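Fold and contact review
The chain contents come next:
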Amino acid sequence: MNGVAYPVSSFDLTPLLTFVSLVLAAVSGILLYIYVGKSEEYRELKAAYDKIMLAFHELDEQAKLIVKTDLELNKAQEELDRRLTGLNTLQKLARKMSMTLDENEIFQRIDKELATELGFARACIFTLNEEGFFAARVSIGIEQAKVEAAVKQLALDVNFTSALKSGQTFSSLNASQKTKTLVSQILDTEHFVLSPLLTQRGLAGFIIFGNRYQAPPVTEGDEELIGILASQLAQGLENTQLFEQVYRSSQMLETKVNERTKELSHALKAVEEISKKKSEFISAVSHELRTPLTSIKGYASILMTGKVGEIPEPVRERLAKINTHSDNLVKLINDLLDISRIESGRVEMNTTPHQMKPQLDTIADLLTPQLTTKGVNLVINIPADTPPLEIDTSQVDRVFINLIGNAIKFTPAKGTITVSAHTNWDKQEVLFEVADTGIGIKKEDLVKIFDEFFRVDNEINMSVKGTGLGLALAKNIVEAHYGRMWVTSDVGVGTTFHFTLPLQHKPRETKKSKLPTMEL
Amino acid sequence: MATHIGIGFSQLSDPALACKEAAIQAKSQLNLPIANVVVIFYTDGYATPEGLTHLRRILQPERVIGSVTPAVILSERIESKGIGILAIVSDDIKFGVAAIEQLRLNPLRESGVKLARAAETDGKMPKRQAFFCFFNGSQNNNTLFFQGLREGLGRMFAVAGAMGITTGSQAHSSQLYNDKILPDSAVGLLIGGQASFSLSARHGWQPLGKPRIIDEAENNVIRLIDKKPAITFYEDYFKDSLPRMDDSRPNLGDIGLLYPMGISTNPGEPYLLRHPVQVLSDGSIVCQAEVRTGDRVHLMIGKKDALRQAAYDAAADIREQFLSRPPKILFIFESIARRKVLGRSAANEIHLIKDVLGLTTPVFGMYTYGEIAPIGSLKEVERTQVQNASIVLAAIG
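What you see is a predicted model, and the numbers here were worked out from it, not measured in a lab. (Residues numbered from 1 in each chain as written. Chains lettered and ligands numbered in written order. Predicted model: local features only at pLDDT ≥ 70, side-chain atom pairs only at ≥ 80, totals over all residues. Heavy atoms only, no water.)

**Here we look at the overall build of chain B**
Put simply, the rule reads: Each helix corresponds to a stretch of at least 4 residues labelled H or I by DSSP, and each strand to a stretch of at least 2 residues labelled E; elements are numbered beginning at the N terminus. Think of it in three bands: with a 1.4 Å probe and only protein chains considered, a residue is buried below 20% of the maximum accessible area for its type, exposed above 50%, and partly exposed in between. We call two residues in contact whenever any of their non-hydrogen atoms come within 4.5 Å of each other.
Secondary structure assignment for chain B yields 9 helices and 27 strands. Buried positions account for 61% of the 397 residues belonging to chain B. Relative to all contacts within chain B whose residues are 6 or more apart in sequence, the contacts with residues 24 or more apart total 81%.

Spelled out as structure tokens, the structure:
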């Protein structure tokens, strides 16, 4: 500037001020606009943020529910796993127990490992002894002295014993406070399960499994598992006891059988000895008797021929009687000898095949005089298809002669004797029957009819002499042919003798001598 | 000679005889006089000096390594009681073993470094492939130990580990190193040579509920979550279901196993799981590895199907890495939490894995209370972490 001074009062500032005001207003407006916009954005952001936080909060609340449910599921899963593991353990135990019938071995299977697998640190098993007191058989995790003292105290507690007798499993979950305190004090086991051992005979003992207070409490699942274990044990004990009884009985039986067998064996030997001696006696006596009889008969015969001199008639009659009686005696001796030899197996049947019909016809002819004298009818009823039998003809003839002869003796006049045969192809034998319409035999005599020397007590036997050996001999001959003989009878109706002869004779193993007869 | 594997297992009540029986079984499959290495997994009480004497006489191993476990995983089943022995003889695979004792008394990071270097010294192999580690890790900040291993082995080196504890308490931990039974220790097995190696880990747990923020954490202790004591995280979800200890502190026990905390490290990446192993008087939660302030945490829930799928995915990963050739031996280190969820069907998981990798694949493993593995597969080896609730598959071919 050129140094010219202009006084202030001479300038107009209004336009400048107006301009500045306008600018300020514009800036303020802009700033206000920006502020309002940002506030809006801020509010929106805050609202969104609050929404998110609310969502998070809700999410978190749901998460808490999820966690709670999950925790319960995990607990349930853990309990399930425990039960499954426990059941698996019990199944393995059952298999081991089934492999033994020894009581001590069963208890040895209950060990610390088993208790641990079931989730317990302590266990005791008590059984009732013969005196009716509980005795500890297994003790795990508890001192022996404590166990022995415990059982005495427990047995005195009425609540405890009545709970046992109820047969129910109980535990620290549901036992009375008194029982809980008692068990806790004496066995140092706050959490426990107790189960009785029940057999068919009643209470046999009890088992108790438990843990100290630091462990988790027992559950219903634990009660079930211990209950199952108690059942298994009781079953095992019962099986061992039954086995023991059966074993002892069978031992006793075996001992008795052995003793009786020995006795019978001795008796049999004695009987055989007696029988042998009897046969030998009979044989010896018979032989001794034959010699003098031979002389008696011989001399009687010579005298009867008159070669020694004329015999008066009365003497001749008496000599005839001597002859007859000698013959009878000879027959008796021969029969005795036959029986003796057949019984002792010293006789072999000489068997050849024979048709029975012709043989019986021959026998019928032989007996015709007796039949005619008595007035008895003989019927031979042998079917044509009866096969030939391998028999010793002479011996079998004796059987028929004896049976038919007896029938003639005991059948009154006009009676009938029937001889019949039936072939049983299945059994490969022929059944013969000699049936009469005679006087019959009493029941009590039937059992003895085949005994040696036995004669039925009746009028006919009293009047007719006999040795009582005929039926015994006949039976022996049939049995020597591997047949059987038996009799049926009705008093006043008649008697039937039955005997069988096999179609084929089975020879004996040992060679025997031919049956000698005395020929006089 | 290729690679020979022998596996034996026994449950005899006498631990020494059980070890003997298992050694004989392993020997009968091996059919060779000397084993290059023997790996033993055993349940509580099954490691005894007499047993190790039998083992040495029967298998004549050059190296022995082992760990206690709640259960042993075998080719066909899982056993909660007994001793399992794996014997390996190989021209292709090289081994080195080492041990660090008194883990609690020494700085963990240093122990990790020493263990790694001692195993390398023992192995002296030109080509290292992987490192297995079994250790007592309960209530320790095992991240430090793992960092030490990494420092000794290299950041990109494959590490698989398992915490050998039986009941979650340090009192029931032990490891085996040659003829020694070591409580409170860490043992390591370095594997190398010409063999192929593959590693994969998955967990299958899913996040539940809203995310929370870890406001304060110090090493392996979480102090505040959402500005409240850390225990409120569980108390919010479980309220009265939380059992209490004698001093009325919550006992997280099984709940902590079934519902671990899932730490979200980076969006899109798998959750890192942490079991709470202890609750402090101020409500802080102690974990087994580091947790960072600022990380998000979810409650995690495990369903059987998801867990099985995770095992399947891990096996498929191995198969892909092995180009469908069956491995010679498959190691499984699996969290005990997974066994709790899977229950009786846990053994089916082995069959599922073998369906993928080959029905004749020999399997040998253990259940653990904590694992070390990459989250994912060997491709993500740099993401190897100490973790929980997972299944780790390590295959050697």
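More follows now that the structure is in view.
**Observations regarding the interface of chain A and chain B**
How large an interface is tends to be reported as the accessible area lost when its parts come together. What counts is decided by this rule: Buried area: the accessible area, evaluated with a 1.4 Å probe, that two parts lose upon being put together, summed over both parts. We count a salt bridge whenever a side-chain nitrogen from Lys or Arg sits within 4 Å of a carboxyl oxygen from Asp or Glu. Any pair of nitrogen or oxygen atoms within 3.5 Å is treated as a polar contact; in protein, a donor-acceptor pairing is required on top of that, and neighbouring residues in sequence qualify only through side-chain atoms on both sides.
Taken together, the contacts link 17 residues of chain A with 21 residues of chain B. Between chain A and chain B, a total of about 1600 Å² is buried, with carbon and sulfur atoms accounting for 57% of that surface. Linking chain A to chain B there are 4 salt bridges. For Lys 340 of chain B, the salt bridge goes to Glu 78 of chain A, with nearest N and O atoms at 3.8 Å. Counting every contact that joins chain A to chain B gives 10 residue pairs in polar contact (both at pLDDT 80 or more).

**Let's talk about the layout of surface pockets**
Residues and elements named next belong to chain A. The condition is simple: Only protein atoms enter the 1 Å grid used here, on which a cavity is any set of points holding a 1.4 Å probe that cannot leave and a pocket is any open set flanked by protein within 12 Å on both sides along at least five of seven lines; residues with an atom within 4 Å of a point are listed as lining. Grid points are joined across faces, edges and corners, and a volume is the space filled by probe spheres set on the points.
What the second largest pocket holds in volume is close to 1400 Å³. Along the wall of the second largest pocket there are 50 residues; nearest its centre are Lys 331, Asn 402, Asn 406, Lys 409 and Gly 470. Within the residue set of the lining of the second largest pocket, elements represented by two or more residues are helix H8 (313-343), helix H9 (356-374), helix H10 (393-410), helix H13 (470-480) and strand E12 (494-502). Here the element with the most residues in the lining of the second largest pocket is H10; it accounts for 10 residues.

**Concerning the sheet that holds strand E3 (residues 170-171) of chain A**
Residues and elements named next belong to chain A. For clarity, the cut-off: Pairing between strands is defined by DSSP: at least two bridges between them are needed. Only the contacting stretch of a helix is used when fitting its axis, a line to C-alpha atoms as for every element, and angles between N-to-C directions run 0 to 180 degrees.
Here 5 strands make up an open sheet; going across it, the order is E2-E1-E5-E4-E3 and the pairing antiparallel. Single-partner strands in this sheet number two, and they are strand E2 (134-140) and E3. Inspection of the sheet shows E3 paired to strand E4 (residues 191-199) by 2 bridges, in the antiparallel sense. Following the sheet pairing, Phe 170 is matched in E4 by Leu 194. The strands touched by helix H7 (residues 220-305) are strand E1 (122-128), E3, E4 and strand E5 (202-211); relative to E4, the strand with the most contacts, the crossing angle is about 30°.

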